[in-house]
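This is what each chain is made of:
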Amino acid sequence: MKKWIFVITTAVALTAVLSSCMISTLPTMPSVHTDGTAAFYESKNLFKLSDSIVKATCIAKNGDGDTAKNDLIVKHHLFGRLNVGQVFSIYGKGFEPDCDYLLYLAEGEDGAYQTVVSPFGMVGDDVIWSDGTVIPLSDIKTDIGMRMAIIEAPGEVYFHEDYKGLVNGSDLVVSANVLRVSMPSETTLRYTAKGITAECTVQARRITLLVEECFKGDAEKWSIITVIYVPDSYATMLSSTTHDVFDGRYAPDDIEAILKVGAKGMFFLKKSPDERHNVYFPVNPLQGIMRNGAERKKTNTVVELPE
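Computed from a prediction, not measured in an experiment: that's the story for all the values here.

Enquirer: So what about the packing of aromatic side chains? Which residues, and what values?
Expert: In this structure the tally under the stated criterion is eight aromatic pairs. Geometrically, the ring pair formed by Y104 and W129 is edge-to-face, given 6.2 Å between the ring centres and 90 degrees between the ring planes. Residue Y104 is found in strand β4 (residues 100–107), and its partner W129 is found in the loop between β7 (126–128) and β8 (134–136); the two are separated by 25 residues along the sequence. Exposure remark for Y104: the relative accessible area of 2% places this residue in the buried category.

What follows is the structure, encoded as structure tokens:
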């Protein structure tokens, strides 16, 4: 972890800037400098709860207290859908006009944003954390980039004995055209099974699909989705009926033949538990990707599919 800066070299200037914002909720400077551990741990948890993370300037404030309407403009995008220059509003206290903030935001069903935690005041590109720690914004951005590089994968991988079980075990079932297949690359996955969280680095491909027909799930026709394909299961594959370790006696379709630009296939997919990544995984390495309709063999050693 890059060492954060905890010493304020121009205390007088800093005090003047903070005073100009007149924010009662800004923390006072600690008499003993922290090592940043608590702030770093808190930032990890806040990232998990946030839909967007931005540096924003308050351009207008109407009212006081919890009902105050604060208009803000995004000055720096760190994560999420809010872009630089975009104006949005938040109701609540803790804001003053012409002051900068680091905001961890959750987006409601109506598209409105609210803060996950009280806004963190900023001086230049330094963030004043809740315990008084001074953290460069660049360090927070680097940390967010590292977290986005880790993809949350489904924690339990099951082999299904029949078509009904396969469909029930999938979040999305589509017939789709392959638009793009990346070269295998090192990808870090995080998954939780039986209450235990683990990380692993695997060789994975990103498959871009154009949906022709959706049989289960909410993908629209002609929409584009991304699938993370890992040839070897990153987690232990279990039988969906016995919950014992699957013995692997079945052979999959020729997946490599399907994973070519222009090819068509049936895809049985699980969505990443972290919706911010907006990616899918095959329900398992054997049954998640199959030939489509008339292109299929009449018999299939993995599962029977209706023509």
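Enquirer: Residue-level account of the side chain of S182, with values.
Expert: You can see S182 is positioned in the loop between β11 (172–181) and β12 (185–193). At 2.8 Å, the side chain of S182 forms a polar contact with the backbone nitrogen of R206. Setting aside residues no more than four positions away along its own chain, S182 makes contact with R205 and R206.

Enquirer: Give me helix α3 (residues 137–148): which residues, what numbers.
Expert: With twelve residues, α3 extends 17 Å from end C-alpha to end C-alpha; this agrees with the ideal 16 Å at 1.5 Å per step. Within the sequence span of α3, burial applies to L137, D139, I140, D143, I144 and R147. The arc that holds every buried residue of α3, seen down its axis, measures 160 degrees, which confines them to one face.

Enquirer: Outline the confidence of the model for the protein, supporting the account with residue identities and numerical values.
Expert: Overall, the prediction assigns the protein a mean pLDDT of 80, with 81% of residues at 70 or greater. With pLDDT under 50 throughout, residues 22–34 is counted as low confidence; its partners more than four residues away or in other chains account for 25 contacts. Note that residues 294–302 has pLDDT below 50 and, in this model, 24 contacts with residues that lie over four places away or in other chains.

Enquirer: How would you sum up the side chain of S50? Please name residues and give values.
Expert: Here S50 lies in the loop between α2 (37–49) and β1 (52–62). Residue class for S50 comes out buried when judged on its relative accessible area of 1%. At a separation of 2.6 Å, a polar atom in the side chain of S50 contacts the main-chain carbonyl oxygen of L46.

Enquirer: Can you lay out unusual backbone geometry for me, pointing to particular residues and giving the numbers?
Expert: The backbone of D98 shows a phi angle near 70 degrees, a positive value even though the residue is not glycine. With respect to the helices, strands and loops of the structure, D98 is situated in the loop between β3 (87–91) and β4. In the Ramachandran plot, W222 falls in the positive-phi region, its phi being about 70 degrees despite a non-glycine side chain. With respect to the helices, strands and loops of the structure, W222 is situated in the loop between β13 (196–216) and β14 (224–229). Relative accessible area serves as the criterion here: at 51%, W222 is assigned to the exposed category.

Enquirer: Requested: an account of the pairing of β4, with residues and values cited.
Expert: Moving residue by residue along a regular strand, the side chains alternate between the two faces of the sheet. Of all the eight residues making up β4, six are buried; the element is thus mostly covered by neighbouring parts of the structure. With six bridges joining them, β1 and β4 adopt antiparallel strand pairing. Across the sheet, residue K55 finds its bridge partner in β4, namely L102. Relative to strand β6 (residues 120–123), β4 runs antiparallel, the two being bridged by two bridges. Note on β6: the bridge partner recorded for Y101 is G121. As defined by bridge partners, β4 adjoins strand β5 (residues 113–115) across three bridges and the pair is classed as antiparallel.

Enquirer: Tell me about the pattern of salt bridges, and name the residues and values.
Expert: If you walk through the whole model with that rule in mind, you get seven salt bridges. Notably, a salt bridge pairs R190 with E199, separated by 2.8 Å at the nearest N-O pair. E199 sits in the partly exposed class, given a relative accessible area of 45%. Each of E152, R190 and E199 takes part in one network of salt bridges that share partners.

Enquirer: Provide a residue-level description of the nonpolar core, including the pertinent values.
Expert: Ranked by internal contacts, the top residues of the largest apolar core, which has 18 residues, are V174, I207, L209, I225, F267 and I289. Those elements giving two or more residues to this core turn out to be β11, β13, β14, α5 (255–258) and β16 (264–271). When residues in this core are grouped by element, the largest group, four residues, is from β11. In this structure, C200, I228, M237 and F281 belong to the second largest nonpolar core, which totals 17 residues.

Calculation criteria
Residues numbered from 1 in each chain as written. Predicted model: local features only at pLDDT ≥ 70, side-chain atom pairs only at ≥ 80, totals over all residues. Heavy atoms only, no water. Phe/Tyr/Trp six-rings, centres within 6.5 Å; stacked < 30°, edge-to-face > 60°. Helix = DSSP H or I, 4+ residues; strand = E, 2+ residues; numbered from the N terminus. Buried < 20%, exposed > 50% of the residue type's maximum accessible area, 1.4 Å probe, protein only. Polar contact = N/O pair within 3.5 Å; in protein donor to acceptor, adjacent residues only side chain to side chain. Contact = heavy atoms within 4.5 Å. Expected span 1.5 Å × (residues − 1). Arc of directions from axis to C-beta. pLDDT = per-residue confidence, 0-100. Pairing = 2+ DSSP bridges. Salt bridge = Lys/Arg side-chain N within 4 Å of Asp/Glu carboxyl O. Core = buried A, V, L, I, M, F, W, Y, C linked by side-chain atoms within 4.5 Å.

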